[in-house]
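# Examination of the molecular architecture
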Amino acid sequence: MRELLTGLAIVLIVAGLAFWIDSLRARERALAAGRRACERYGVQLLDETVQFAQLRLARDDAGRLRLRRSYTFEFSDTGDNRRHGAIVMLGAELLDLQLEPYPAQ
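In short, a report on the structure. (Residues numbered from 1 in each chain as written. Predicted model: local features only at pLDDT ≥ 70, side-chain atom pairs only at ≥ 80, totals over all residues. Heavy atoms only, no water.)

### Looking at the side chain of R68
Here R68 lies in strand β3 (residues 65–76). Among buried Asp, Glu, Lys and Arg side chains, R68 stands out as unpaired, with D96 the closest opposite charge at 6.3 Å. Not counting residues within four places of it along the chain, the set of residues in contact with R68 comprises Q54, L55, R56, A58, V88, M89, L90 and L95. (Helix = DSSP H or I, 4+ residues; strand = E, 2+ residues; numbered from the N terminus. Buried < 20%, exposed > 50% of the residue type's maximum accessible area, 1.4 Å probe, protein only. Lys, Arg positive; Asp, Glu negative; His and termini not counted. Salt bridge = Lys/Arg side-chain N within 4 Å of Asp/Glu carboxyl O. Contact = heavy atoms within 4.5 Å.)

Here it is in structure tokens:
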């Protein structure tokens, strides 16, 4: 019984570590996507970061279950305001990126 509990604890620790590493990679990809979008539209990514918002399971185009992670971020179109953006990652792929509407300059 003790060996079973030890083995289960090791499996849980390894699974937790794998999830943590996968989450860090997804966050880095989301941040890179946010930076690219801000550069493309000529706005400034504020705080140089994205914030985790939601985690759930979703199916990809092939029908496989993947982790769907949502992130939020802030950007500025004038340098003295804050607008909101959102990024959705499905597994390692960018699924959606939205910027709050702002007046064209």
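Structure shown, so let's carry the discussion forward.
### Some remarks on the pattern of salt bridges
One pass over the structure, following the stated rule, counts nine salt bridges. Here R64 ties to D60 by a salt bridge, and the two come within 3.2 Å at their closest N and O atoms. You can call R64 partly exposed: its relative accessible area is 47%. A salt bridge links R66 to D60, with the nearest nitrogen and oxygen atoms 3.4 Å apart.

### What to know about helix α1 (residues 2–41)
End to end, α1 covers 58 Å across 40 residues, agreeing with the expected 58 Å (1.5 Å per residue, within 8%). Here the buried face of α1 lies against β1 (44–45), β3, β4 (83–90) and β5 (93–99). Just beyond α1, the residue with positive phi is G42, at close to 70°. (Expected span 1.5 Å × (residues − 1).)

### As for the pairing of β3
Sheet topology places β1 next to β3; two bridges connect them, and they run antiparallel. Each residue of the ladder has a partner; that of Q44, found in β3, is S76. By the bridge criterion, eight bridges tie strand β2 (residues 51–59) to β3 in an arrangement that is antiparallel. Bridge assignment links Q54 to a residue of β3, and that residue is S70. Where β2 hands over to β3, the hairpin turn is made up of five residues, of which G63 adopts a positive phi near 90°. For β3 and β4, the ladder comprises eight bridges, and the chain directions are antiparallel. If you follow Y71 over to β4, its bridge partner there is I87. (Pairing = 2+ DSSP bridges.)

Note that all results are geometric; they support no functional claim without further evidence.
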